[in-house]
Amino acid sequence: QVQLVESGGGLVQAGGSLRLSCAASGRTFSSYTMGWFRQAPGKEREFVAAFSSSGRSTRYADSVKGRFTISRDNAKSTVYLQMNSLKPEDTAVYYCAVDPGTRYYPSASEKMYEYWGQGTQVTVSS
């Protein structure tokens, strides 16, 4: 079992920044991916960013490239999402997730992620 603890959500004005964090605990894996998804009211959950341990590589959704940065502390099994230049359309519940498979490039499909956090609300006001 893997447990995920998220923090860092909140309310900010457009153009501001937030830093989300997610710490994983429980069983360990030889390789895995930690990622972020988000879901706005009335919309499907969508991929945001992910970081794979096997390939030490990152992947971003086009909508956040250049604004968001994902980083990882493998020793603490923690992933961070630095969000800059926030826009009202970034408003959503952000979910941390873990894909336990061995991948050299992160998957953007939520079907590959077996473990999920409870989500943290990010609200960007105009």
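Relevant structure appears above.
Residues numbered from 1 in each chain as written. Predicted model: local features only at pLDDT ≥ 70, side-chain atom pairs only at ≥ 80, totals over all residues. Heavy atoms only, no water.

Q: Hey, could you go over the overall build of the protein for me, with residue numbers and the actual values?
A: When you go through the protein residue by residue, the secondary structure sums to zero helices and eleven strands. Shown N-terminal to C-terminal, the secondary structure of the protein runs as helices and strands in the order β-β-β-β-β-β-β-β-β-β-β. Against the globule reference of 14 Å for 126 residues, the protein gives a C-alpha radius of gyration of 14 Å, in line with a compact fold. With respect to the three principal axes, the spread of C-alpha positions in the protein is 45 × 30 × 25 Å. For the protein, with 126 residues in total, the buried portion stands at 47%. Partitioning the intrachain contacts of the protein with sequence separation of at least 6 by distance along the chain shows that 60% fall at a separation of at least 24. Accessible area for the protein stands at about 6500 Å²; split by element, carbon and sulfur atoms hold 45% of it. (Helix = DSSP H or I, 4+ residues; strand = E, 2+ residues; numbered from the N terminus. Rg over C-alpha atoms; globule rule 2.2 N^0.38 Å. Buried < 20%, exposed > 50% of the residue type's maximum accessible area, 1.4 Å probe, protein only. Contact = heavy atoms within 4.5 Å. Areas by Shrake-Rupley, 256 points an atom, 1.4 Å probe, with all protein chains shown as cover.)

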